[in-house]
Every structure is written in C-alpha cells, then in structure tokens.
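Below are the chains, spelled out letter by letter.
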Amino acid sequence: MELLQTMWTSMAFDSLYWGNLVMWAIAFIFVYLAIKKGFEPLLLLPIAFGILLVNLPSDIMMENQGLLWRFYHYGEEWAIIPPLIFLGIGAMTDFGPVIANPKTLILGAGAQGGVYVTFFGALALGFNIDQAAVIGIIGGADGPTTIFLASKLAPEMMGICAVAAYSYMALVPVIQPPVMKLLTTEAQRKIRMKSLRKVSKLEKMFFPIITVIVITLVVPDAAALMGMFCFGNLMRESGVVDRLSLTAQNELMNIVTIFLGISVGATMPAEVFLTPKVIGVFLLGSVAFACATACGIGLAQLMNLFLKEKINPLIGAAGVSAVPMAARVAHKVGSEADKKNYLLMHAMGPNVAGVIGTAVAAGMFISVLK
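What this report covers is the structure whose coordinates are included nearby. (Residues numbered from 1 in each chain as written. Predicted model: local features only at pLDDT ≥ 70, side-chain atom pairs only at ≥ 80, totals over all residues. Heavy atoms only, no water.)

1. Quick notes on the overall build of the protein chain
Piece 1. Regarding its fold elements, the protein chain presents 21 helices and zero strands.
Piece 2. Here the C-alpha radius of gyration of the protein chain, 22 Å, is about what a compact globule of 370 residues would show, namely 21 Å.
Piece 3. If you line up the protein chain on its principal axes, its C-alpha atoms span 85 × 45 × 40 Å.
Piece 4. Taken across its 370 residues, the protein chain has 54% of its residues classed as buried. (Helix = DSSP H or I, 4+ residues; strand = E, 2+ residues; numbered from the N terminus. Rg over C-alpha atoms; globule rule 2.2 N^0.38 Å. Buried < 20%, exposed > 50% of the residue type's maximum accessible area, 1.4 Å probe, protein only.)

Now the structure itself:
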C-alpha cells in the first residue's frame with residue numbers, strides 16, 4: 001500500500017483541476033481548425049500543442065524555468081522571434097505593386113485606423129493603456145507585430161492577443177466580404193484599374209533601403225521589425241544571395257514559426273486564459289479588424305473624390321497586413337461583381353503597405369508608452 005501511495009503521489013492527477021480540462025478542449029478545437037479547416041495551420045497547430053503542454057502539470061514546462069519557459073523567455077521576452085519572422089516575410093515580399101502605385105501606401109496607412117479606434121475602445125472597457133495598445137494592434141491582422149508589442153508593453157496579454165490576431169487572420173475570408181459589400185456599391189466594385197507599370201530591379205533594390213532609413217528616423221522603436229523586413233527584401237531583390245534569401249523564406253521561417261507557436265501557446269495556462277477579460281479581447285479584436293477594413297475602404301473612396309483615375313475601393317480593405325490573404329479576398333469580391341476585373345496585383349500594394357503601417361503603429365505605441 002505504501003508503494004502504491006508513493007506511486008500515486010508521484011503522479012500529477014491531483015494537480016489537475018477543471019480549468020485544465022477546459023483548456024485541453026480549447027487546444028483540441030484549435031487542432032481541429034488547423035487540420036480539418038486549414039485555418040492558419042502552420043501557427044495554430046503549434047499554438048494548440050503549446051496550450052495543451054502548459055496545462056499539463058509538469059515542472060519541465062513553464063514553471064521553474066522549464067523547456068517552454070526557455071522558448072518563451074529567449075524567443076518572446078527578448079523579442080528575437082518576431083523580427084526573424086519579419087526577415088522571412090521580407091524575403092517573400094514583392095514591393096513592386098507599391099512602387100508602381102505609391103498611392104497604395106496611403107491605403108495601407110489608412111487601414112491602421114482600426115488600431116486606434118480599438119485602442120480607445122479598450123481603454124473605455126477598463127483595460128490599462130499598455131493592454132489597450134496591444135489589443136488595438138490586433139486590427140492590423142499581424143500576429144508577429146502583436147507578439148512583439150505585447151513583449152514590450154503587456155507580456156500578460158501575449159497569448160490571448162496572439163491567438164486573437166491569428167484567429168482573425170484565418171477568418172479574413174469570412175469577416176471582410178460583408179464589410180466590403182456593405183460599404184461599396186456594385187458600380188464601385190466593378191471599377192477597373194489600369195495595369196501596373198513594370199518596376200525595374202534598381203527601384204526594387206533601393207526601396208527597402210530608403211524605407212528602413214525613413215521609418216527608423218521617424219519611428220526608431222520600429223527599427224527591429226522594419227530593419228529585418230527590409231533586409232529580407234533586399235536579399236530577395238539583390239539576386240546575389242539566393243541561398244540566404246531561400247533560407248530566410250523556408251528553413252529559418254519554419255524553425256522560428258515552430259518556436260513562436262509553441263511558446264505563444266505556453267502563455268495560456270487556465271488561470272490566465274479563463275477570465276472575463278479574454279472575451280473582451282476577442283470582441284475588441286473583431287471590432288479592430290472590421291474597423292481596419294472599413295477605414296481602408298473609406299480612405300479609398302475619399303481619395304476617389306480627388307483622383308482622375310479612380311481606385312477600386314475594395315483594395316483599401318487589403319490594407320490590413322494579412323498577406324496575401326486580404327489581397328486575395330479583395331480580388332475575389334471584385335471578380336464576383338465583374339468576372340473580368342483583376343484586382344490581385346493592385347490589392348497587393350496596400351496589403352504590403354499594411355505590414356509597414358502596422359509595424360510603424362507598434363513602434364509609435366512603444367515610443368510613447370514604454
């Protein structure tokens with residue numbers, strides 16, 4: 001009997017409580033969405049497994065500087081992984097549509113209006129100013145930027161806000177079309193835009209250099225994200241370091257994505273996640289995303305009042321930085337109104353600009369609040 005009692009006490013069943021079981025269920029739901037529905041599986045699956053592991057009573061996880069704590073501490077608290085993600089994104093990004101049509105930079109900035117609307121909404125609901133900033137950045141639909149900002153301002157919000165951001169990134173095809181159709185007429189959705197001019201290789205190489213100089217001088221706290229983003233893009237466009245560019249796009253991106261997902265999931269133990277504030281974060285996240293979509297469309301319509309060559313306002317919705325999904329949704333909604341209307345490359349302009357805009361917004365929050 002003593003032996004059996006010793007064996008029982010060495011097990012972890014006594015440490016379980018109902019909250020752990022609820023979090024297991026949430027982890028299983030995320031696994032289902034990742035595998036069955038294909039919702040951002042590259043990140044949702046690691047996040048789900050991180051949630052499962054952190055809700056298992058084991059000292060090797062987040063307690064006593066265990067394995068997951070090390071992933072989180074060195075990758076997230078030290079803010080190493082998000083810039084590396086931006087390096088990979090930069091290596092995969094084509095700035096050609098932005099260079100060919102610089103007006104789309106304005107649309108990418110306009111879509112960040114949802115960030116600030118939600119920021120003030122979160123303050124009104126009782127979140128402190130640092131937490132409100134992190135919640136607001138969800139409107140940019142940029143998971144790495146959300147994680148980067150949370151690591152600087154409100155680490156306790158990282159897991160909740162990261163999951164919300166990635167959830168809404170996955171739900172772009174569901175959330176955006178109703179907002180787009182509500183704010184545009186069929187005639188506006190049928191507007192055809194002229195083909196973009198061909199952008200030279202020299203222009204593509206100078207663009208990331210000039211961009212990082214200007215943005216870093218204006219918003220120094222955005223340097224970590226924008227520096228890696230523009231460096232990755234320069235490797236791509238230079239054509240002389242293909243091995244480095246391909247590594248950033250593939251092997252490195254895959255490695256940091258694994259550590260990012262599992263460490264984000266590890267910030268969501270039951271006692272943190274199962275609180276009323278979580279519901280508020282997810283509700284505010286949906287408001288942020290809808291407002292960002294509306295702001296991009298509204299700015300495109302405002303610009304059309306002064307432009308001879310009209311912009312299809314649908315591409316304004318691509319100003320959120322869910323690349324390239326938001327651009328594909330804009331193209332799909334436009335093609336439903338006119339099957340011969342090809343908006344994808346036009347929408348990629350504000351889509352890429354949205355990545356820059358969200359990083360700048362995060363840098364501004366850090367510079368003002370930290």
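Having seen it, we continue.
2. Considering the packing of aromatic side chains
Piece 1. Applying the stated rule across the entire model yields eight aromatic pairs.
Piece 2. Consider the rings of phenylalanine 86 and phenylalanine 229, whose centres lie 5.9 Å apart with planes at 70 degrees: the pair is edge-to-face. In this pair, phenylalanine 86 is assigned in helix 5 (residues 81–92) and phenylalanine 229 in helix 15 (residues 223–238), connecting sequence segments 143 residues apart.
Piece 3. Feature note: the residues Phe86, Phe95, Phe207 and Phe229 constitute an aromatic cluster, connected by ring pairs. (Phe/Tyr/Trp six-rings, centres within 6.5 Å; stacked < 30°, edge-to-face > 60°.)

3. Thoughts on the pattern of salt bridges
Piece 1. What the rule picks out here adds up to eight salt bridges.
Piece 2. The salt bridge involving arginine 236 is made with glutamate 237; its shortest N-O contact spans 3.2 Å.
Piece 3. One network of salt bridges, with partners in common, ties together Lys181, Lys332 and Glu336. (Salt bridge = Lys/Arg side-chain N within 4 Å of Asp/Glu carboxyl O.)

4. Some thoughts on the packing of helix 12 (residues 172–182) against helix 20 (residues 325–337)
Piece 1. Two elements in contact, helix 12 and helix 20, have axes separated by 10 Å at closest approach and are oriented at 45 degrees. One element, helix 12, and the other, helix 20, form an angle in the oblique class. Between helix 12 and helix 20 lies a crossing of right-handed hand. Residues Val172, Pro173, Gln176, Pro177, Met180 and Lys181 of helix 12 pack against Met325, Ala326, Val329, Ala330, Val333 and Glu336 of helix 20. (Axes fitted to C-alpha atoms, helices over the stretch in contact; angles between N-to-C directions. Parallel < 35°, antiparallel > 145°, perpendicular 65-115°, else oblique. Left-handed = near helix turned anticlockwise from the far one by under 90°. Contact = heavy atoms within 4.5 Å.)

5. With respect to the nonpolar core
Piece 1. Of all hydrophobic cores here, the largest spans 104 residues; its most connected members are Leu149 and Val281.
Piece 2. The element contributing the most residues to this core is helix 21 (residues 344–369), with 11 residues.
Piece 3. With five residues, the next largest nonpolar core counts Leu53, Val54, Leu68 and Ala266 among its residues. (Core = buried A, V, L, I, M, F, W, Y, C linked by side-chain atoms within 4.5 Å.)

6. Considerations on the side chain of threonine 358
Piece 1. Residue placement: threonine 358 occurs in helix 21.
Piece 2. Aside from chain neighbours lying at most four places away, what touches threonine 358 is Gln112, Ile137, Gly140, Asp142, Thr145 and Ser321.

7. Digging into a nonpolar patch on the surface
Piece 1. On the surface, a nonpolar cluster with roughly 790 Å² of combined accessible area is contributed by Leu202, Phe206, Ile209, Ile210, Ile213, Val214, Leu217 and Val218.
Piece 2. For leucine 217, the position within the fold is in helix 14 (residues 201–218).
Piece 3. According to the relative accessible area criterion, leucine 217 is exposed, its value standing at 68%. (Patch = residues over 30% accessible without salt bridge, like charges linked within 9 Å, V, L, I, M, F, W, Y side chains within 5 Å. Areas by Shrake-Rupley, 256 points an atom, 1.4 Å probe, with all protein chains shown as cover.)

8. Things to note about the layout of surface pockets
Over the atoms rolls a probe the size of a water molecule, and in doing so it shows where empty space is left.
Piece 1. There is about 770 Å³ of room inside the largest pocket.
Piece 2. Lining of the largest pocket is provided by 27 residues; of these, Glu40, Ile89, Met92, Met253 and Val323 occupy positions nearest its centre.
Piece 3. For the lining of the largest pocket, the secondary-structure elements that each account for two or more residues are helix 3 (41–54), helix 5, helix 11 (158–170), helix 17 (251–265) and helix 20.
Piece 4. Classifying every residue of the lining of the largest pocket gives 18 nonpolar, six polar and three charged. (1 Å grid on protein atoms, 1.4 Å probe; cavity = no way out; pocket = protein on both sides within 12 Å on 5 of 7 lines; lining within 4 Å. Points joined across faces, edges and corners; volume = space filled by probe spheres on them. Nonpolar A, V, L, I, M, F, W, Y, C, P; charged D, E, K, R; others polar.)

9. Brief notes about the environment of alanine 122
Piece 1. Counting through the fold element by element, alanine 122 comes out in helix 8 (residues 113–124).
Piece 2. Overall, the relative accessible area of 0% leaves alanine 122 in the buried class.
Piece 3. For the pair alanine 122 and threonine 293, spaced 171 residues apart in the sequence, the C-alpha separation amounts to 18 Å.
Piece 4. Once residues lying within four places of it in the same chain are set aside, the contact partners of alanine 122 are Phe127, Ala132, Ile135 and Leu284.

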